[in-house]
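# Survey of secondary and tertiary structure
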Amino acid sequence: RGVPEFFLDPPPPGKEADPKGGTPPSDADYRAMRKHLVLLWARQKPTYLRKSACLGARGDVNSIGRVHACLEAIGAINAGAEDKP
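What you are looking at is a predicted structure, and each value in this text was computed from that prediction instead of being measured.

## What about the nonpolar core?
Judged by nonpolar contacts, the single largest core of 13 residues is most densely connected at Leu37, Leu49, Cys54 and Val67. Considering every element that reaches this core, the biggest residue donor is helix α2 (residues 27-44), with 5 residues.

## Things to note about α2
Counted at 1.5 Å a residue, the expected span for α2 with its 18 residues is 26 Å, and the 26 Å between its end C-alpha atoms agrees. Considered for burial, the residues of α2 that qualify are Asp29, Tyr30, Met33, Leu37, Leu40 and Trp41. The buried residues of α2 occupy an angular sector of 100° when projected down its axis, which confines them to one face. Across from the buried face of α2, at angles greater than 90 degrees, the exposed residues are Lys35 and Arg43.

## Quick word on the packing of α2 against helix α3 (residues 61-73)
Running from N to C, α2 and α3 point in directions that differ by 60°, and their axes come no closer than 10 Å. One way to sum up the angle between α2 and α3 is to call them oblique. For the pair α2 and α3, the sense of crossing is right-handed. Contacts between α2 and α3 involve Tyr30, Met33, Arg34, Leu37 and Val38 on the former and, on the latter, Ser63, Ile64, Val67, His68 and Leu71. Of the residues that constitute the contact of α2 with α3, the class distribution is 7 nonpolar, 2 polar and 1 charged.

## Details of the environment of Cys70
Take Cys70: it is sitting in helix α3. Placed 36 residues apart in sequence, Cys70 and Arg34 show a C-alpha to C-alpha distance of 9.5 Å.

## Topic: unusual backbone geometry
Looking along the chain, the bond that leaves Lys45 and enters Pro46 is cis, with omega of 0°. If you trace the backbone, Pro46 turns up in the loop between α2 and α3. In the Ramachandran plot, Asn78 falls in the positive-phi region, its phi being about 65° despite a non-glycine side chain. With respect to the secondary-structure elements, Asn78 resides in the segment after α3.

Rules and cut-offs
Residues numbered from 1 in each chain as written. Predicted model: local features only at pLDDT ≥ 70, side-chain atom pairs only at ≥ 80, totals over all residues. Heavy atoms only, no water. Core = buried A, V, L, I, M, F, W, Y, C linked by side-chain atoms within 4.5 Å. Buried < 20%, exposed > 50% of the residue type's maximum accessible area, 1.4 Å probe, protein only. Helix = DSSP H or I, 4+ residues; strand = E, 2+ residues; numbered from the N terminus. Expected span 1.5 Å × (residues − 1). Arc of directions from axis to C-beta. Axes fitted to C-alpha atoms, helices over the stretch in contact; angles between N-to-C directions. Parallel < 35°, antiparallel > 145°, perpendicular 65-115°, else oblique. Left-handed = near helix turned anticlockwise from the far one by under 90°. Contact = heavy atoms within 4.5 Å. Nonpolar A, V, L, I, M, F, W, Y, C, P; charged D, E, K, R; others polar.

Right, dumping it as structure tokens:
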């Protein structure tokens, strides 16, 4: 299926995609981040999985944030979390 469109959207004007000049995240990067976040959620259920707890995943902070938001929106993580902010 590939990477969702939101994941590859260009950065807003004046912002760089990767300040170090790296390449955009690949399908493998997206899958690795998704798997990491889902496993973290499974380990700490029903405690809310914050984005800051996910920073060990492969990828930059913005990409991890987008994956977190997507997984949360579809109910793959944080569904029924007790302490949701």
